[in-house]
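Each chain, letter by letter, is given below.
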Amino acid sequence: MSQKQPKPTLGGQKIRTRKRDEKKTFEPTAFRDEIVQGLNEQGDDLEAISRYLDKQGSRLDYRRYAETLLDILIAGGMLAPGGSLIEDADKTKTCRVDVCVFTTPDDVAAMRTQAEVFNKLIRRYKYLEKSFEDEMKKILIFLKGFSQEERARLATFTAVVLANGQVTANILPSLFHENLVKEGIGLDFATAVFKTWLAEKDVNHLISCLRRASIEQRLPELFPANKRSQEHLESHFRAAGLGPVADFQRGQQNVTYKRELQKKLGDMIHAEDDVKEIVIYVKDYMKKNQLTEQEVVVLVWNSVMNSVEWNKKEDLVAEQAIRLLKAYAPLLAAFTTQGRSELDLLVKIQNYCYDNIQFMKVFQKILVLFYKADVLSEDAILKWYKERHSSKGKSVFLEQTKQFVEWLQSAEEESEEEDED
């Protein structure tokens, strides 16, 4: 007896999808509507707002909608590219919150309180830390789309969160965007941020943060290309009451100028250019870029000493050094017309001889050579010996020059006696 065969069916086997594998629809508008409603229900009580945000994070997907959440907390609603708020087609629907950075009074104390809302939220949901930094970068690019009042409030808020370490100075390169530079918006915003930042912290904190973000040398990029002169930069920052920033910028520019001069000096010495021509070039460069004689004489010394390969033997290096320095003594003498320049050079020579051990016994010979060549004066040498010497190799070099200094002192005393007669 044959068994009945089951009839074939058209329907296939139903495959069930695990809930965790289901793709969720990205609905920032729905998220916005719920957050806006909830925040507005808290009124202007920032403590209540913080409690609400803390509680809703366990129910709403802050990780997924971080950008929308931060748009709302800063600008009051969702931002379209360029910075305008996205409105709903239904005009009766509320798309903005009453309390955000853009509605907070432009006052440092008020912004500190507002920044604390962000601080509590990020402490509770640590993954929002990076989202907040990314949001600030985006918001700064959108500056042109905000009103002047909104930019002023945002600048104060930005300074506060930079000063207290909620974000890093890595957000600031957004201000170098071509359109912001062209219209002066980036410069005005940075100026306002720096003023508040310096009111909160000192200039060392500001510069340290800029250095960590590798933008301490990029401040000129805030200015249009035709206004990036050192004079224009300093004038702007000093007029804005930012003297410490102007001083720092001057120092940064000096570093660049000195690096360029050092390279040019090295090239000229290597090419064996006439010493008189080198003096003319250096003096012109020094005047043009407002370098001091003290800075320049040290650069000249470095360039001369770096121009040769030194012998490793002490007895031979002395002869080699004296021969070279005798040739370039007139070059050094051109930049030791002031007592301070002479002392700076003396200390530089002392440190050099200490750091390069084969020169330890050459120091006194260099001193005598430079005295005879009018690079160093009697007064400068005596002052160095008595009080202005470096601590490096102090006992060795003072003992080495003792006899020469005693001779200078006796010559000085004889000269004074002759004057009295």
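Residues numbered from 1 in each chain as written. Predicted model: local features only at pLDDT ≥ 70, side-chain atom pairs only at ≥ 80, totals over all residues. Heavy atoms only, no water.

### Overview of the packing of aromatic side chains
Convention followed: Centres within 6.5 Å make a pair out of two Phe, Tyr or Trp rings, where for Trp the six-membered ring is used; the pair is then stacked when the planes are under 30 degrees apart, edge-to-face when over 60, and tilted otherwise. Each helix is a run of DSSP H or I of at least 4 residues and each strand a run of E of at least 2, with the numbering of both proceeding from the N terminus. Exposure categories follow from relative accessible area, calculated using a 1.4 Å probe and restricted to protein chains: below 20% of the type maximum is buried, above 50% is exposed, and the middle band is partly exposed.
By the definition in use, this model includes 20 aromatic pairs. Taking the centre distance of 4.9 Å and the plane angle of 75° together, the rings of Phe102 and Phe146 count as edge-to-face. Of this pair, Phe102 sits in the loop between helix H3 (66–75) and helix H4 (108–124) while Phe146 sits in the loop between helix H5 (128–141) and helix H6 (148–163), and the two are 44 residues apart along the sequence. We note that Phe102, like Phe146, is buried.

### What about the side chain of Asn254?
Rules: Only heavy atoms matter for contacts: two residues are in contact if any of them lie within 4.5 Å across the pair.
By secondary structure assignment, the location of Asn254 is in helix H11 (residues 243–270). Taking the relative accessible area as the measure of exposure, Asn254 reaches 11% and is therefore buried. Not counting residues within four places of it along the chain, the set of residues in contact with Asn254 comprises Asn289, Leu291 and Glu295.

### Details of the pattern of salt bridges
Any two side chains of opposite charge can pair if their charged atoms end up close together. Rules: Just to be clear on terms, a salt bridge is a Lys or Arg side-chain nitrogen sitting within 4 Å of an Asp or Glu carboxyl oxygen.
For the structure on display, the rule yields 24 salt bridges. For the salt bridge of Arg32 with Asp33, the shortest nitrogen-to-oxygen distance reads 3.0 Å. Members of the salt-bridge network, linked through shared partners, are Arg32, Asp33, Asp88 and Lys93.

### Concerning helix H8 (residues 185–200)
Put simply, the test is: The span expected for a helix works out to 1.5 Å for each residue beyond the first.
With 16 residues, H8 extends 23 Å from end C-alpha to end C-alpha; this agrees with the ideal 22 Å at 1.5 Å per step. Buried within H8 we find Ile185, Gly186, Leu187, Phe189, Ala190, Thr191, Val193, Phe194, Thr196 and Trp197.

### Considering the packing of helix H2 (residues 46–56) against H4
What counts is decided by this rule: All axes here are fitted lines through C-alpha atoms, helices being fitted over the stretch that makes contact, and every angle between N-to-C directions spans 0 to 180 degrees. When describing relative orientation, an angle under 35 degrees is termed roughly parallel and one over 145 degrees roughly antiparallel, while 65 to 115 degrees is termed roughly perpendicular and anything else oblique. Each crossing is labelled by how the near helix is turned from the far one, with a counterclockwise turn of less than a right angle marking it left-handed and a clockwise turn marking it right-handed. Each residue is assigned to one class: nonpolar for Ala, Val, Leu, Ile, Met, Phe, Trp, Tyr, Cys and Pro, charged for Asp, Glu, Lys and Arg, and polar for all the others, Gly among them.
One way to put it is that H2 packs onto H4 with a least axis distance of 10 Å and a crossing angle of 20°. Classified by the angle their axes make, H2 and H4 are roughly parallel. The handedness of the crossing between H2 and H4 is right-handed. Along its contact with H2, which presents Leu46, Glu47, Ile49, Ser50, Leu53 and Asp54, the element H4 presents Thr113, Gln114, Val117, Lys120, Leu121 and Arg124. By residue class, the composition of the contact of H2 with H4 is five nonpolar, three polar and four charged.

### Quick word on the confidence of the model for the protein chain
Note the threshold: Each residue carries a pLDDT value, the predictor's own confidence for that position, ranging from 0 to 100.
Confidence in the prediction of the protein chain, expressed as mean pLDDT, is 91, and 91% of residues score 70 or more. Considering only residues more than four positions removed or in separate chains, one finds that residues 19–23, a stretch of pLDDT under 50, has one contact.

### Some remarks on the nonpolar core
Basically, it comes down to this: In these notes, a set of buried Ala, Val, Leu, Ile, Met, Phe, Trp, Tyr and Cys residues joined through side-chain atoms within 4.5 Å is what counts as a nonpolar core.
If you look at the biggest cluster of nonpolar residues, it comprises 77 residues, and the most contacted ones within it are Leu53, Tyr62, Phe132, Leu154, Phe157, Leu172 and Trp197. When residues in this core are grouped by element, the largest group, eight residues, is from H6. Judged by nonpolar contacts, the second largest core, of 58 residues, contains Val282, Met286, Met305 and Trp384.

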